[in-house]
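The primary structure of each chain is shown beneath.
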Amino acid sequence: MTAPSRFCTACGAPLSPGSKFCEQCGQPVDAVTAAAPALSIPEVPVVIPFGAMHTGVFSRKDIVLVITGDSLLAVVPKPDISGAIEKIREQLSDALDQSGITAREFWEVSASLSPGLPHACLTPQQVPADLAGQVNAIRSRFGLDTAPWLRYGGMTPEQVIAENPASLSISLDDILYVRGEDLVDDRGGEDLLVVRTASREERWRIALGGFYPTRAALFSRIGKRHQLDGPGEQIVSIVPACFEPGPKDFDFQYVFNLLFSDRRLILAITPGSEDEVERAWDHYMEEIGKKARQKGVSLEASMAGEDLADAPWQDFRNRSVPGILDADGVNYFIPYPQIRGVAYKGGRNPAISISLATHTLELEANALFAPGPLRKAQQELAGKVPITIAERT
């Protein structure tokens, strides 16, 4: 009988049998859970304060995000409630600054103290007892278990809209994908959350780390609706070095790896600092260049029959999908039912197009590394997502 897989609770990496420490991050094995590391997010409404929607160039409205089993609500609170929430935000920000607790830690520890609160991560996290005590004291000091935003968790979408027609209600089934940027390390800035549906795109700013529990809850519930969650998800192919066309919609130009799993398409940046990633890439290119010269062939000809098993991006295969998504706030996924097709076009400017219901995501591709992995994905995912490859145009 095969032993159940074990995963590190710190980074989500799978553990070798009998190991005492995580080979990926060094976490002790006694901080490990058996089986799949994804957390079960309770179906009770998730309520996240400290959000804002821009209604004009110089105007914005405060919002509270409510995630139910089938809907996402962007609630515009009444002025008195909005004022009370802002007061708590300022007090909580000061308290976290003084304690040294990060906003993400605050949300994750809060969830460990109360099962009805949303986790900030998709993978289980160890919570030190002293940190739990500090967070519990902060929550008690500001009465967060009876905070004013919690009233919206007991309201239906119809009641929310009736109270303020400026509020929005979005069906989870209409969401094509959720992505964003965790822009700030401090506790006073705002992160960006993007929710894309077939009819519109919502871009909300969320302060005090509320980005993380919102993202985790939406990922979990969208995954559940598309039957993506659960053990055994496998990455079948990886297309590295796919560039977004530029910082048109986001603050940076992201270089994604396209991870085709047997359940979804994951867009994930390579872990590590920019210098670390660049050094690993340069080293790999130098090594495959040596192999090509030893064979006396071009780099393209040398790579044509290679499976690229030693490429640095293959490290994603050693991580759980929840761990990959947790690793960086810009990582996200698109369920295959939401994808009309994936197309590769070679030539002078190779590109990959991901066609959705109402728009197409365009990525600059690497002609050396894209066609092979796409052919593998085409074979493995036949019937799940259409993939076309035109190497010469």
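This section reports on the structure supplied with the text. Values in this document were obtained by computation on a predicted structure and should not be read as measured data. (Residues numbered from 1 in each chain as written. Predicted model: local features only at pLDDT ≥ 70, side-chain atom pairs only at ≥ 80, totals over all residues. Heavy atoms only, no water.)

Description of the layout of surface pockets
- The calculated volume of the largest pocket comes to roughly 960 Å³.
- What lines the largest pocket is a set of 28 residues, and nearest its centre among them are Val255, Ile269, Thr270, Glu274 and Val277.
- At the level of secondary structure, the elements contributing two or more residues to the lining of the largest pocket comprise strand E10 (235–243), strand E11 (255–261) and helix H6 (274–295).
- With 6 residues, H6 is the single largest residue contributor to the lining of the largest pocket.
- Residues belonging to the lining of the largest pocket are distributed by class as follows: 16 nonpolar, 5 polar and 7 charged. (1 Å grid on protein atoms, 1.4 Å probe; cavity = no way out; pocket = protein on both sides within 12 Å on 5 of 7 lines; lining within 4 Å. Points joined across faces, edges and corners; volume = space filled by probe spheres on them. Helix = DSSP H or I, 4+ residues; strand = E, 2+ residues; numbered from the N terminus. Nonpolar A, V, L, I, M, F, W, Y, C, P; charged D, E, K, R; others polar.)

Regarding the packing of helix H1 (residues 79–99) against helix H3 (residues 129–141)
- Where H1 contacts H3, the two axes come as close as 11 Å, and the packing angle between them is 155°. One way to sum up the angle between H1 and H3 is to call them roughly antiparallel. The element H1 and its partner H3 pack so that their crossing is right-handed. When H1 is examined against H3, the residues Leu92, Ala95, Leu96 and Ser99 are found in contact with a partner set consisting of Gln134, Ile138 and Arg141.
- Classifying every residue of the contact of H1 with H3 by side-chain character gives 4 nonpolar, 2 polar and 1 charged. (Axes fitted to C-alpha atoms, helices over the stretch in contact; angles between N-to-C directions. Parallel < 35°, antiparallel > 145°, perpendicular 65-115°, else oblique. Left-handed = near helix turned anticlockwise from the far one by under 90°. Contact = heavy atoms within 4.5 Å.)

Here we look at the environment of Phe243
- Structurally, the position occupied by Phe243 is in strand E10.
- As for Phe243 and Ile352, which are separated by 109 residues in sequence, their C-alpha atoms are 9.6 Å apart.
- Among residues more than four places away in sequence, those in contact with Phe243 are Gln253, Tyr254, Val255, Glu362, Leu363 and Glu364.

Concerning the nonpolar core
- Judged by nonpolar contacts, the single largest core of 104 residues is most densely connected at Leu72, Trp204, Phe260 and Ile352.
- Among the elements that take part in this core, helix H5 (residues 211–225) stands out by supplying 7 residues, more than any other.
- Setting aside residues up to four positions removed in sequence, Ile352 forms contacts with Val239, Cys242, Leu258, Val342, Ala343, Tyr344, Leu361, Glu362, Leu363, Ala365, Ala370 and Leu374. (Core = buried A, V, L, I, M, F, W, Y, C linked by side-chain atoms within 4.5 Å. Buried < 20%, exposed > 50% of the residue type's maximum accessible area, 1.4 Å probe, protein only.)

Observations concerning the side chain of Thr214
- Examined against the element boundaries, Thr214 turns out to sit in helix H5.
- The class of Thr214 is buried, set by a relative accessible area of 0%.
- Discounting residues that sit within four places of it in the chain, Thr214 has contacts with Ile48, Leu65, Ile67, Leu193 and Ile206.

Some points on the pattern of salt bridges
- A full pass over the atoms with the stated rule returns 17 salt bridges.
- The salt bridge involving Arg60 is made with Glu190; its shortest N-O contact spans 2.6 Å. Taken together, the residues Arg60 in strand E4 (residues 60–67) and Glu190 in strand E8 (residues 190–197) connect sequence positions 130 residues apart.
- When its relative accessible area of 25% is taken as the criterion, Glu190 is described as partly exposed.
- With a shortest N-O distance of 2.7 Å, Glu202 and Arg200 are connected by a salt bridge.
- Classification of Glu202 by relative accessible area gives buried; the value is 14%.
- Residue classification places Arg200 among the partly exposed positions, given a relative accessible area of 30%. (Salt bridge = Lys/Arg side-chain N within 4 Å of Asp/Glu carboxyl O.)

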